[in-house]
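Next come the chains, spelled out residue by residue.
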Amino acid sequence: ETGVTQSPTHLIKTRGQQVTLRCSSQSGHNTVSWYQQALGQGPQFIFQYYREEENGRGNFPPRFSGLQFPNYSSELNVNALELDDSALYLCASSLDLNTGELFFGEGSRLTVL
Amino acid sequence: QKEVEQDPGPLSVPEGAIVSLNCTYSNSAFQYFMWYRQYSRKGPELLMYTYSSGNKEDGRFTAQVDKSSKYISLFIRDSQPSDSATYLCAMSANTGNQFYFGTGTSLTVIP
């Protein structure tokens, strides 16, 4: 059974640029959630996708957007990058909406200069 | 007031000690609770998942939930140096909703 995989693992961008992060959910899981973890902090919920539809969003501006594909993989897009966007971006998958257990990938570490 | 409060530590214990990690929360609607272990620069690893109040045991780990006090705990018996990591609590009112995380407690087990 393949776990949650994320790419890229590390990337560096400059202010104002755009970034796309990718996530492959665990086999059989149809729900994907994205979290942002700043240094020394707990993960903060960005949004969740269930069967290609957004199913909830945290307190993040619209320049954070996402997609889920028919194979349940997902993308997180961030436009107009700001310095404060520097963080570890975590993707978590769960079996479905009724199963609370979140299984995380290793994350994508974004540095904005 | 934060949804979830967790003492950041750091906590340092000798090998073999019993470790107690705790979180408090303010939202009485929370009923799904998880504990994660996160090694430096890695993704969180799910340790325990519990629903509502009560205890759950898995090997050296025991999770306790006291909804009346809005307080959850994770106990680690016979702690090992490999347990050195940051421990995160997470909770939610509904499985389909966002989970709220604590800031994490940094644990070091000294050989």
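Shown above is the structure to which this text applies.
Summarised in this report is the structure supplied together with it. (Residues numbered from 1 in each chain as written. Chains lettered and ligands numbered in written order. Predicted model: local features only at pLDDT ≥ 70, side-chain atom pairs only at ≥ 80, totals over all residues. Heavy atoms only, no water.)

**Notes on the overall build of chain B**
When helices and strands are tallied, chain B shows zero helices and 11 strands. Start at the N end of chain B and walk to the C end: the helices and strands fall as β-β-β-β-β-β-β-β-β-β-β. Taking 13 Å as the expected radius of gyration for a compact globule of 111 residues, we find that chain B reaches 13 Å, a close match to that expectation. In chain B, which comprises 111 residues, the proportion classed as buried is 43%. About 5200 Å² of surface is accessible on chain B, with carbon and sulfur atoms providing 46% of the total. Placing the 9 positive and 10 negative side-chain charges of chain B at their respective mean positions leaves the two points 6 Å apart. (Helix = DSSP H or I, 4+ residues; strand = E, 2+ residues; numbered from the N terminus. Rg over C-alpha atoms; globule rule 2.2 N^0.38 Å. Buried < 20%, exposed > 50% of the residue type's maximum accessible area, 1.4 Å probe, protein only. Areas by Shrake-Rupley, 256 points an atom, 1.4 Å probe, with all protein chains shown as cover. Lys, Arg positive; Asp, Glu negative; His and termini not counted. Charge placed at Lys NZ, Arg CZ, Asp CG, Glu CD.)

**Focus: the environment of Ile72 of chain B**
All names here are of chain B. Here Ile72 is to be found in strand 8 (residues 71-76). Since its relative accessible area comes to 1%, Ile72 is described here as buried. When residues no more than four places from it in sequence are discounted, the contact partners of Ile72 are Leu21, Asn22, Cys23, Tyr25, Phe33, Trp35, Gln64, Val65, Cys89 and Met91. (Contact = heavy atoms within 4.5 Å.)

**A word on the sheet that holds strand 8 (residues 74-78) of chain A**
Residues and elements named next belong to chain A. In space, the four strands of this open sheet follow the order 1-3-8-7, with antiparallel pairing throughout. With one partner strand each, in any of the chains shown, strand 1 (5-7) and strand 7 (64-68) form the two edges of the open sheet. With strand direction ignored, the average angle separating the axes of adjacent strands in the sheet is 15 degrees. Here three bridges tie strand 1 to strand 3 (residues 19-24), and the two strands are oriented antiparallel to one another. For Gln6, the partnering residue across the bridge sits in strand 3 and is Cys23. (Pairing = 2+ DSSP bridges. Axes fitted to C-alpha atoms, helices over the stretch in contact; angles between N-to-C directions.)

**A look at the nonpolar core**
Core analysis: the largest hydrophobic core is formed by 24 residues, its most contacted members being Trp35, Ile72, Leu74, Ile76, Tyr87 and Met91 of chain B. Of all the secondary structure elements, the ones that give two or more residues to this core are strand 3 (19-25), strand 4 (32-38), strand 5 (45-51), strand 7 (61-66), strand 8, strand 9 (85-92) and strand 11 (105-110) of chain B. (Core = buried A, V, L, I, M, F, W, Y, C linked by side-chain atoms within 4.5 Å.)

**Looking at the state of the cysteines**
Going through the model one piece at a time under the given rule, you end up with two disulfides over all chains. Two residues, Cys23 of chain A and Cys91 of chain A, share a disulfide whose sulfurs are 1.8 Å apart. Note on the Cys23 of chain A and Cys91 of chain A pair: the S-S dihedral is about -60 degrees, so by sign convention the disulfide is left-handed. One end of the pair, Cys23 of chain A, is in strand 3; the other, Cys91 of chain A, is in strand 9 (residues 87-94), and 68 residues separate them in sequence. We note that Cys23 of chain A, like Cys91 of chain A, is buried. Here Cys23 of chain B connects covalently by a disulfide to Cys89 of chain B, the sulfurs 2.0 Å from one another. When the S-S torsion is -105 degrees, as for the bridge of Cys23 of chain B with Cys89 of chain B, the disulfide is left-handed. Pair noted here: Cys23 of chain B is in strand 3 and Cys89 of chain B is in strand 9, with a separation of 66 residues, a long-range link. Overall, the relative accessible area of 1% leaves Cys23 of chain B in the buried class. (Disulfide = S-S within 2.5 Å.)

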